[in-house]
Amino acid sequence: RAMSCVASGPFGAFPDCDGLGASVFLNIVYGCGLLLAAQLISDGSELLLEVLSPGLVGGLLLPILGAVPDAAVIVASGLGASGTAQAQAQVAVGMGTLAGSTVMLLTVAWGGSLWVGRCDLDAFTGKAVQRSMSHPGFVRGLAKTGVTVDNDTTLNAKIMMGSCLVFLVPQIAALCGDDGDGAVDATGAGVAFAALLAYCAFQVMHPELQRRKMAAARVRRANLFGAHLAHHIGASVGGILVDGEINAVALDVLFDQFDSDGNGQIETHELKAALVAMSVTMKDYNVTDNDVKTWLAAFDRDGDGLISRAEFCGGMTHWVLEQTSGGLEQHRPGRRSRDGAGGYDRVDDRISTAREGTEPLLRYDGAPASPGAPRFPFLDHGAGSDCDETSDDETSDDDAGNETDNETPPTRGQIVRQSVTRLAAGMVLIALFADPMVGAVSSLSSALGLRSPFFASFVITPFASNASELVSSLYFASKKRKKNISLTYSQIYGAVTMNNTMCLGLFLVVMRARGLRWTFTSETITIVVATFAVGFVGAWRKTLKTSLLLPVMCIYPAALGLVAFLDGVLGLQ
């Protein structure tokens, strides 16, 4: 049979073809559109975390924004069909998206985060030792490595398990023969949205997850500013990076700008004064007390409230190399201690010997600083200033090739505008691609001869709509720190909770609006089983061994097999 195509989607501008090759191509195109939309919304939400409080806005707005891509596909699956019969068949795409998103987060994201975040387990306490990995082998590391999370993360896992009980409302009614009762759908939607409001209220009253996200955003912001500042100062002494190595002289000069009394220690008031002066010169954002706390927490490894020269050099090296593409893996800022402090005990040869302030302080030309020398010479924009004597052409190739480091970090107003722009662009893309994606998945399912479009949407759509959560989870987990691992798993559990409340509520609203029947018993069983299987482990274990990786990852194909068995063999509808 010859391939045929019809116009569909918004403005009738999106083709929907029934041929296998064309369906695969359209799924890729529309999936990329949803992927870009999800990434824009994620980026916009992350920018908001830099300027907004973690309370009302963080507890209400951000969780909802994260669930928008899945919710849009779910709504389009039912409302985009022309008739009831078509809507009943096509709504399986929405259920496949809902189930696939939940299972993907609980297997691929959960297991992937465990693998990239794994650390050695302490032989005495059984807890993960941060950033320590002496068992890289797969088999040897299964029982001797893992991750450790905090108490709030286990609480989020329990909340996630409780949220999936909302599925019982339409499911029990369907088992009793009321699978097409609009009142049941309305009741189920009401319960789902009530659970959503309760979860958002919990986030407002106990915004620990949002605080962690804000803290992570502040660290990235400070990281970018610190690296930019190091390049700004380092340009006067040949560049912060010379032949791919950290320039120790530049770090000494930068340290001297902070250490106003020259005692070899940066105190809190010196840190804030220097940051304020430098931010004004570089036309950067206003420095707040939180920025000072972030810098102090990042550099003060021994917890004495002061930043020594060694701590400063080690921390700044880490920031600069992290901003340099691939630099962090090839350049380690220093050897780690095993004393639990997790700090830099020694700074390696790449930044020379870390002098503790007893040696003469260095100026831009490498000469000892005179007692009357200004602490912020780069503030002087006169003809004789050191900054003016260094042209752009004298900067190193590493600086010229690193666009991120040469950009001035945005102001608060710019952050808000960037956030709104990205959120608006993401919403527009979702409005354009959600309905065509549903049609493309349905066509692909037919072309493959699948009994239901559920299976195609289970696999395809979640990786487009949840790609940002997946990448974010793996990124935070790769830091191999307890706070980052806890944030990773809290994000995963929170995303599943939103699926079980907001997305399910919208699905039931569509069912009610189109007068559709609840024929998703096997899908419901699969979602509940997967949620409780992973949730039980996360709720009652603070230390997760790497040996859990394979069983958890096997849940993904097992979920598809369970739906096929319950539907095709047992005939559960």
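Residues numbered from 1 in each chain as written. Predicted model: local features only at pLDDT ≥ 70, side-chain atom pairs only at ≥ 80, totals over all residues. Heavy atoms only, no water.

**Considerations on the sheet that holds strand β3 (residues 119-120)**
Reasoning step 1: The three strands lie next to each other as β3-β4-β11, forming an open sheet whose pairing is antiparallel. Of all strands in the sheet, those bounded by a partner on one side alone are β3 and β11 (543-545).
Reasoning step 2: Here strand β4 (residues 145-148) runs beside β11; their pairing, made up of three bridges, is antiparallel. Of the residues in β11, the one forming a bridge with Gly146 is Lys545. (Pairing = 2+ DSSP bridges. Helix = DSSP H or I, 4+ residues; strand = E, 2+ residues; numbered from the N terminus.)

**Comments concerning the nonpolar core**
Reasoning step 1: Of all hydrophobic cores here, the largest spans 65 residues; its most connected members are Trp110, Tyr489 and Trp518.
Reasoning step 2: One finds Ala22, Leu34, Ala72 and Ile430 within the second-largest nonpolar core, a separate group that totals 27 residues. (Core = buried A, V, L, I, M, F, W, Y, C linked by side-chain atoms within 4.5 Å. Buried < 20%, exposed > 50% of the residue type's maximum accessible area, 1.4 Å probe, protein only.)

**Quick look at helix α6 (residues 168-175)**
Reasoning step 1: By the burial criterion, the buried members of α6 are Pro170, Gln171, Ala173 and Ala174. For α6, the angular spread of the buried residues around the axis is 165°, confining them to a single face.
Reasoning step 2: The elements touched by buried residues of α6 are α7 (182-205), α19 (482-514) and α20 (521-540).
Reasoning step 3: Two residues or fewer past α6, Gly177 is found with a positive phi of approximately 95°. (Arc of directions from axis to C-beta. Contact = heavy atoms within 4.5 Å.)

**Quick notes on the pairing of β4**
Reasoning step 1: Where burial is concerned, the two faces of β4 agree: the one with Thr145 and Val147 and the one with Gly146 and Thr148 are both buried.
Reasoning step 2: Examined bridge by bridge, β3 and β4 share two bridges and lie antiparallel to one another. When the sheet's bridge partners are listed, Asp120 is paired in β4 with Thr145.

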